[in-house]
Amino acid sequence: MLRKSLLFVALALAVGASLSAQGPPRVAAGDAPSQRKVAGGDWPEQRGPNRDGVSRETGLVEQWQLNGQNFLWRVPGGGRSAPIVMGNRVYVQRPIGSGARLQEQVLALDADTGKAVWDYKITLFQSDVPSHRIAWASPAADPDTGNVYALSGGAQVIALSRDGKLLWTRSFGEEFAAFTTHGGRTMSPLVDGDLVIVSAAVSNWGQHAARAHRLIALDKRTGEVVYVANPGGRPYDTAYAAPLIATINGQRLLIVGLGDGAVYAIRPQTGEKVWSYTLSKRAINTGVAVSGSTVFVSHGDENLTGNTLGLLAAIDGSQTGEIKSAAWALQGMELNYSSPIVDGTRLYQIDNSSTLRAFDTASGKELWTLQLSTAQKAPPILADGKLYVGTDQGKFFIVRPHADRGEILSQVELPNSVASCCGSEGTPEHILGGAAVSRGRVFFVSSDAIYAIGPRQAKPVTGFAIDEPAQAGTGAPAHLQVSPTELALTPGQTVKLRVRLFDDKGRFLKEETGATWTLDGLKGTAANNSVTIASDPVEQAGSITATVGALKGSARARVVRPLPWKEGFDSYADGTVPAGWVNTTGAQLAVTTVDGQKVLEKKPLETLFKRARVFIGPTNWSNYTMEADVRTPLRRRQQGDVGITAQRYSLVLYGNAQRLKLEPWEPETTRTMSAPFAWKPDTWYRLKLRVENLANGEVRARGKAWPVGEAEPAAWMIDKTDPIGNREGAPGFFIDAQFGTYIDNLSLYQNQP
């Protein structure tokens, strides 16, 4: 959620700030203060300054030894993701703590010494990611502002200043009901111009109600949603492919594989889809590589035809629409994780069994192979004519690729793991993320530690790793963008909107002040680039549309009535749902009539969607109580689970277990408190959950349950004080019910002393 005090200040600043940058930022490869005040040798994103895994630096190490030759430092505490480097700071995202105090951490280290400069901790909540799979995404840094952005395992976007101060945060786990699976795969953010772009499988309301793997672009200074792109279909799974931005035939394209088995190209500043290429029956986890107009794509799961696993293909990225054929395609190589790299006329990629393969980019002919280890997730990087890469088995390789072979220059086995992020103790420390190159040094993260190899003295480098000027738009407007495009408002609130026009290649033309405005599904007024919501204390959800000539663009807004409020669903027709509630369509929730009374029903489902989280309010509420009546059937000796959520804590009646549980993060069981509770099927029970912030920074959550019609018990059945508590959060429901469930008589109110 956006901090309100920051939002209004940032919004005022944003009106005067330019969002017209259409080219990538200049990322310094050396100190060049006359061109840009950014320190040299930066590696600002997980795949480097150009997002292709390639560095222009030279003179890098060919050999190193643990605690010996070319060894710089080792910092305990590892993770799954890749480091990034800006200036003299190395940034990593990793797990920190254990059990009830386990969190994700964004850590800034001094590149010379490895000493911590600052850290910021992220508490996970309402996520299905287990403890050993958190912090999979890498942070991204902005060369313009020095800000650092991170996406947590719970789909929370965090913006931090160069000094580690929180600038803003958005909770897409609540705002968009992000689908965070036990796989834990999360995509790393990408910074483009004035946007930070994140991606996740999400479900919302209205036209975004269906679950899809969407790309969400945020204003990097304020966190406001600038666009939501939905280029594909329903995802099979979460995915963590590394996005890449390339200019093909004069058009900048953001190219990325998503959870539906296809690779997509969109215009990065507008989110407009340009082309798609479907290649797998499962999610895509590998990034792409680009050479000229050729895009190299890969995967390691089921192909669309045949019975082999895996594909590497070359497609023409200058096309539009659905691409049907490839210039060449090779089946039978399982390339699930490690992304490819282009080296002139050669393409390198490592398969699941850690075999490094080289291909001719023009024909796809395999040129040579080199066995590194036995399992692989980390992608290689190419720098100074050498490949740097670690393996799942804990070896870090430096390989010199030749036209006909790969030559191993160095292989160092890491120590046996003693405090793994990922449960690999007793084996050499796993390396699951790519390396980073900066000022003559190489940095990488293992399951247990962060490593730096190279010279004691950072090498000076000159010039720019990227030096592409912003491209000015030309011609007639072809796209109209309204931002912020996703709003959570209150009755009577006024919001200023922005209208921007782009050409047919997604390049900014101008800001428009003369648009005409219409509202659909909302009570209020809209004119002069602002909208005022009617003061009626009711839920609303709809669109705010701007028209300029023949072009139209819309923002979406949901309006939440203030506390206190009650909902018995009596005013709703069967088959409907309160406006703006998040994930009701995906979860198949709707009002129905049971025993002559209106209730909210989750329909029986024999699919993954039998389990869902639904959110019904803003993410910045705190110190409130939620109550509701719940009821589940018993079928085939199975009774479902149903609960309520307040301030990122869920109070759930578990049917088969016959227990009442209070849980902020379900898979991390040390945080869960439970009590026996015998409850009957097809019987209404009242749930009550009170959450309050304590003066010492802790949070107290208390819950109870009792049969409807009986007196409320005086004592709380569960009383939990959370030392790293969630101090705000949206109300909602947690449901896991194959045979359906019912909810009624919802009540929300501010805590009273």
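Refer to the structure printed above.
What you see is a predicted model, and the numbers here were worked out from it, not measured in a lab. (Residues numbered from 1 in each chain as written. Predicted model: local features only at pLDDT ≥ 70, side-chain atom pairs only at ≥ 80, totals over all residues. Heavy atoms only, no water.)

1. Concerning unusual backbone geometry
Here is step 1 of the chain: Here the amide bond leading from Ser 483 into Pro 484 is cis, since omega sits at -5°, within 30 degrees of zero.
Here is step 2 of the chain: Assignment of secondary structure puts Pro 484 in the loop between β37 (479-483) and β38 (486-489).
Here is step 3 of the chain: With an omega of -5°, the peptide bond between Leu 563 and Pro 564 qualifies as cis.
Here is step 4 of the chain: Even without glycine at this site, Ala 155 takes up a positive phi of about 65°.
Here is step 5 of the chain: With respect to the secondary-structure elements, Ala 155 resides in the loop between β9 (148-151) and β10 (156-160).
Here is step 6 of the chain: Look at Ala 155 and you get buried, because its relative accessible area is 4%. (Helix = DSSP H or I, 4+ residues; strand = E, 2+ residues; numbered from the N terminus. Buried < 20%, exposed > 50% of the residue type's maximum accessible area, 1.4 Å probe, protein only.)

2. A closer look at the packing of aromatic side chains
Here is step 1 of the chain: Summed over all chains, the structure comprises 18 aromatic pairs.
Here is step 2 of the chain: Judged by centre distance (5.8 Å) and plane angle (75°), the ring pair of Phe 502 and Phe 508 falls under edge-to-face. Just as Phe 502 is buried, Phe 508 falls in that class too.
Here is step 3 of the chain: An aromatic cluster is built from Trp 64, Phe 396, Phe 444 and Tyr 451, whose rings are joined through pairwise contacts.
Here is step 4 of the chain: Taking the ring centre of Phe 179 as reference, the NZ or CZ of Arg 211 above it sits at 3.9 Å.
Here is step 5 of the chain: The side chain of Lys 704 reaches across the aromatic face of Trp 716, ending 4.4 Å from its centre. (Phe/Tyr/Trp six-rings, centres within 6.5 Å; stacked < 30°, edge-to-face > 60°. Lys NZ or Arg CZ within 6 Å of the ring centre and 35° of its normal.)

3. Let's talk about the nonpolar core
Here is step 1 of the chain: Membership of the largest hydrophobic core comes to 42 residues, with the highest contact counts inside it found for Ile 616, Leu 653 and Phe 733.
Here is step 2 of the chain: For Leu 653, the contacting residues outside a window of four places in its chain are Val 630, Gly 640, Asp 641, Val 642, Arg 659, Leu 660, Phe 677, Trp 679, Tyr 685, Leu 687 and Ala 705.
Here is step 3 of the chain: Core analysis: the second largest hydrophobic core is formed by 35 residues, Val 61, Trp 64, Val 85 and Ile 381 among them. (Core = buried A, V, L, I, M, F, W, Y, C linked by side-chain atoms within 4.5 Å. Contact = heavy atoms within 4.5 Å.)

4. What to know about the sheet that holds strand β11 (residues 166-171)
Here is step 1 of the chain: Pairing is antiparallel across the open sheet formed by 4 strands, whose spatial order is β8-β9-β10-β11. Strands with a single pairing partner mark the edges of an open sheet, and in this sheet they are β8 (140-141) and β11.
Here is step 2 of the chain: In this structure, β9 lies alongside β10, joined through 4 bridges in antiparallel fashion. In the strand pairing of β10, Leu 151 is matched with Val 157. (Pairing = 2+ DSSP bridges.)

5. Structural notes on the state of the cysteines
Here is step 1 of the chain: All chains considered together, the criterion is met by 1 disulfide.
Here is step 2 of the chain: Two residues, Cys 421 and Cys 422, share a disulfide whose sulfurs are 2.1 Å apart. Like Cys 422, Cys 421 is buried. (Disulfide = S-S within 2.5 Å.)

6. Considerations on empty space enclosed by the protein
Here is step 1 of the chain: Summed over the entire model, instances satisfying the criterion amount to 12 cavities of 30 Å³ or more.
Here is step 2 of the chain: Approximately 210 Å³ is the volume found for the largest cavity.
Here is step 3 of the chain: Contributing to the lining of the largest cavity are 22 residues, with Gln 46, Trp 136, Tyr 240, Pro 379 and Leu 432 lying nearest its centre.
Here is step 4 of the chain: Across the lining of the largest cavity, the residue classes break down as 10 nonpolar, 9 polar and 3 charged. (1 Å grid on protein atoms, 1.4 Å probe; cavity = no way out; pocket = protein on both sides within 12 Å on 5 of 7 lines; lining within 4 Å. Points joined across faces, edges and corners; volume = space filled by probe spheres on them. Nonpolar A, V, L, I, M, F, W, Y, C, P; charged D, E, K, R; others polar.)

7. Some thoughts on the pattern of salt bridges
Here is step 1 of the chain: Here the structure, examined in full by the defined rule, presents 46 salt bridges.
Here is step 2 of the chain: The salt bridge partner of Arg 507 is Asp 503, with a shortest N-O separation of 2.8 Å. Grouping residues by exposure puts Arg 507 and Asp 503 together as buried.
Here is step 3 of the chain: The shortest N-O distance in the salt bridge between Arg 702 and Glu 692 comes to 2.5 Å. Placement of the pair is Arg 702 in strand β59 (residues 699-707) and Glu 692 in strand β58 (residues 685-693), with a sequence separation of 10 residues. (Salt bridge = Lys/Arg side-chain N within 4 Å of Asp/Glu carboxyl O.)

8. Considerations on the sheet that holds strand β20 (residues 289-291)
Hydrogen bonds along the backbone pair up the strands of a sheet, which may run parallel or antiparallel.
Here is step 1 of the chain: If you walk across this open sheet you meet the 4 strands as β20-β21-β22-β24, and the pairing is antiparallel. Every interior strand has two partners, whereas the edge strands, β20 and β24 (328-331), have only one. Looking at each pair of strands side by side, their axes are set apart by 15° on average, direction ignored.
Here is step 2 of the chain: Across 7 bridges, strand β21 (residues 294-302) lies against strand β22 (residues 309-316) in antiparallel orientation. Within β22, the position partnered with Val 295 by the bridge is Ile 315. (Axes fitted to C-alpha atoms, helices over the stretch in contact; angles between N-to-C directions.)

9. Points about the environment of Ile 350
Here is step 1 of the chain: Note that Ile 350 resides in strand β26 (residues 346-350).
Here is step 2 of the chain: Ile 350 sits in the buried class, given a relative accessible area of 1%.
Here is step 3 of the chain: Taking C-alpha positions, Ile 350 is 28 Å from Pro 231, a pair spaced 119 residues apart along the chain.
Here is step 4 of the chain: Not counting the four nearest positions on each side in its chain, Ile 350 is found in contact with Leu 335, Ser 338, Thr 355, Leu 356, Leu 372, Gln 376, Pro 380 and Val 389.

10. Notes on the pairing of strand β51 (residues 624-631)
Residues in a regular strand project their side chains so that they alternate between the two faces of the sheet.
Here is step 1 of the chain: Most of β51 is tucked away, with 8 of its 8 residues classed as buried.
Here is step 2 of the chain: Alternating positions in β51 separate into two faces, Tyr 624, Met 626, Ala 628 and Val 630 on one and Thr 625, Glu 627, Asp 629 and Arg 631 on the other, with burial throughout.
Here is step 3 of the chain: Examined bridge by bridge, β51 and β58 share 7 bridges and lie antiparallel to one another. Note on β58: the bridge partner recorded for Glu 627 is Lys 688.
Here is step 4 of the chain: Sheet topology note: the β51/strand β62 (residues 741-750) ladder contains 7 bridges and is antiparallel. Note that in β62 the partner of Glu 627 across the bridge is Ser 747.

11. Details of the side chain of Thr 222
Here is step 1 of the chain: Structurally, the position occupied by Thr 222 is in the loop between β14 (212-219) and β15 (225-229).
Here is step 2 of the chain: A polar atom in the side chain of Thr 222 sits 3.2 Å from the backbone nitrogen of Glu 224. (Polar contact = N/O pair within 3.5 Å; in protein donor to acceptor, adjacent residues only side chain to side chain.)

12. So, the side chain of Ser 417
Here is step 1 of the chain: Here Ser 417 shows up in the loop between β32 (406-413) and β33 (436-438).
Here is step 2 of the chain: Side chain to side chain, Ser 417 and Asp 448 meet in a polar contact 2.7 Å long.
Here is step 3 of the chain: If we ignore the near neighbours within four places in the chain, the residues touching Ser 417 are Ser 424, Glu 425, Gly 426, Thr 427, Pro 428, Glu 429, Ser 447 and Asp 448.

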